[in-house]
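Structure at a glance
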Amino acid sequence: MTTVKDSPSLPNAAIQQIDTSAKLKILHDLNVETVDGCLVDCRMKDGSWHEGEIVAHKETRIGQRKYYVHFKNLNKRLDEWVTEDRVRIEHLQPPPQKEDKKKKSSKTPSKKKKADDGPNKKPKMEEKKSAPRRQGGSLTQHGHEDTITRVRNLEKIEIGDNRIKPWYFSPYPEILADCDVVYICEACLSCSRTPTSFRRHKIKCKLSHPPGTEIYRKDNLQFFELDGRKQREYCQNLCLLSKLFLDHKTCYWDTDPFLFYVMCTVDERGSHIVGYFSKEKESAEEYNVACILTLPQFQRMGYGKLLIEFSYALSQEEGKTGSPEKPLSDLGLLSYRSYWSQAIVEVLRDIKHPISIADIGDLTSIKTEDIVSTLNHLNVLKYFNGKNCLFLPEETLAAHDKAMKKRTIRIDPAFLKWKPTDWSKRGAW
């Protein structure tokens, strides 16, 4: 019996060197220094190939190279780390060129400059550079993206009985980025790196519900009101958690000017966070919601509309109309427009006397501009005989009845134990 010997092969280091040399040649031909920002064809999880942008790259501990790819024209939650075998690196394309704004701004008329520098020039007071104005949310709109914030930094989180894959970047401590799973306490929202440290934390953690005031409870549903100044640590942890699932916001660490309303389900083990919304204590624009989120494991169960309904129940108690912070995300606009449509049709279908836009606002606490945009969206606002009239076709009523049957859980104002605070008085803080 003869033994067939395998042909000698190059060691792994040599193969890696050949690969690296080939890639360096590709980069040299493209006249770029790094693959970051380049376009490349990448195989998605379903096996199809799609053009993507390489946002970042890294080498694992075992020497495996990975690329973080954003698939063009697809939602950012689909971005992921991919191995080299899923990337056609030989078809690499250079990053699209961006216009140089500095060159445009530097072109100023010379005459204007001479006129400004003349002997009669009035001395200008030095302007102090002020910090950018907060845009109204505990998670506020971000102005730009850098490579760090574009890369999802946590692989998985475990909260309660659910293990979830985050969608977006959140500024958790960098040490957590190497963990396969980050364990988040359902009571205080602090995080642990390992199951052992998480078990120790759960023994020490004395909370069984969010550290605020319970202002609503009916059946197994409850709401807690938290002051961003008094319960600062919990509110900051809540912002970190929610940023994992909100793309169009960035964390704003000063939670003092905000109130947080946390929705929970309750059982014999305690309270379990479902979602929350925040709002400013004092809002010049009369926003009644700054940020709003239902955790992924509870989405498509009606909890999102319940959060919106509760925000308007608070506005009813305050005796004023309210509106969510603008601009809304695409999903946020869909959720709010659905709620506005149902709330307005619910008022109109049973009305027996003439009603104005202001009357609808008084009954629903929805702002006038939101009412008008919703009526136009429903196409029920008509002009007849020199007057604006509301016409509800049978199709609209049938769609409304079908939608309302799905809303099995509603907010009952009789169970709301809450009184508004006048935050304009400094003592209220």
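This text goes with the structure placed above it.
All figures in this text were calculated on a predicted structure; none of them were measured in a lab.

Here we look at the pairing of strand β14 (residues 270-280)
Along β14, 11 of the 11 residues are buried, which leaves the element largely enclosed by surrounding structure. The pairing of strand β13 (residues 258-267) with β14 spans 10 bridges and is antiparallel. Bridged to aspartate 267 within β14 is glycine 270. In this structure, the hairpin formed by β13 and β14 is closed by a connection of two residues. Of the strand pairs in this sheet, β14 and strand β16 (residues 291-294) are connected by four bridges, and their pairing is antiparallel. Bridged to glycine 275 within β16 is threonine 294.

Points about the environment of threonine 83
Take threonine 83: it is sitting in strand β4 (residues 80-83). Placed 18 residues apart in sequence, threonine 83 and arginine 65 show a C-alpha to C-alpha distance of 6.5 Å. Discounting residues that sit within four places of it in the chain, threonine 83 has contacts with Gln64, Arg65 and Lys66. At 2.3 Å, the side chain of threonine 83 forms a polar contact with the side chain of aspartate 85.

Concerning the sheet that holds strand β3 (residues 65-71)
The antiparallel open sheet is built from four strands, whose spatial order is β1-β2-β3-β4. Every other strand in the sheet has two partners, leaving β1 (39-43) and β4 as the edge strands with one partner each. Averaged over all pairs of adjacent strands, the angle between strand axes in this sheet comes to 55 degrees, irrespective of strand direction. Judged from the four bridges that link them, β3 and β4 form a sheet pairing that is antiparallel. In the sheet register, tyrosine 68 faces β4, and the bridge partner there is tryptophan 81.

Overview of helix α10 (residues 368-378)
Where α10 is concerned, the buried positions are Asp370, Ile371, Thr374 and Leu375. Angular distribution of buried residues about the axis of α10 spans 130 degrees; they occupy a single face of the element. If you follow the buried residues of α10, they end up packed against α7 (303-318), β17 (323-324), α8 (330-348), α9 (357-364), β18 (381-384) and β19 (387-390).

About the cut-offs
What you see as residue numbers is a count from 1 along each chain, following the sequence as written. Owing to the predicted nature of the model, reporting of local features is limited to residues with pLDDT of at least 70; listing and counting of side-chain atom pairs is limited to 80 or more, with chain, interface and lining totals taken over all residues. Where side-chain values are given, they derive from all heavy atoms of the structure, hydrogens and water being excluded. The cut-offs for exposure are 20% and 50% of the maximum accessible area for each residue type, with area from a 1.4 Å probe on protein chains only; residues under the lower value are buried, those over the upper are exposed, and the others partly exposed. Working definition: helices are DSSP H or I runs of at least four residues, strands are E runs of at least two. Numbering for both runs from the N terminus. Two strands make a pair as long as DSSP finds a minimum of two bridges between them. Contacts are residue-level and defined by heavy atoms, with any inter-residue pair within 4.5 Å sufficient. We define a polar contact as two N or O atoms separated by no more than 3.5 Å, with the added condition that, inside protein, one atom must be a possible hydrogen donor and the other a possible acceptor, whereas residues neighbouring each other in sequence contribute only through side-chain atom pairs. In this description, a line fitted to the C-alpha atoms serves as the axis of each element, helices being fitted only across the stretch in contact, and the angle between N-to-C directions of two axes falls anywhere from 0 to 180 degrees. Think of the arc as the fan of directions from the helix axis to the C-beta atoms.

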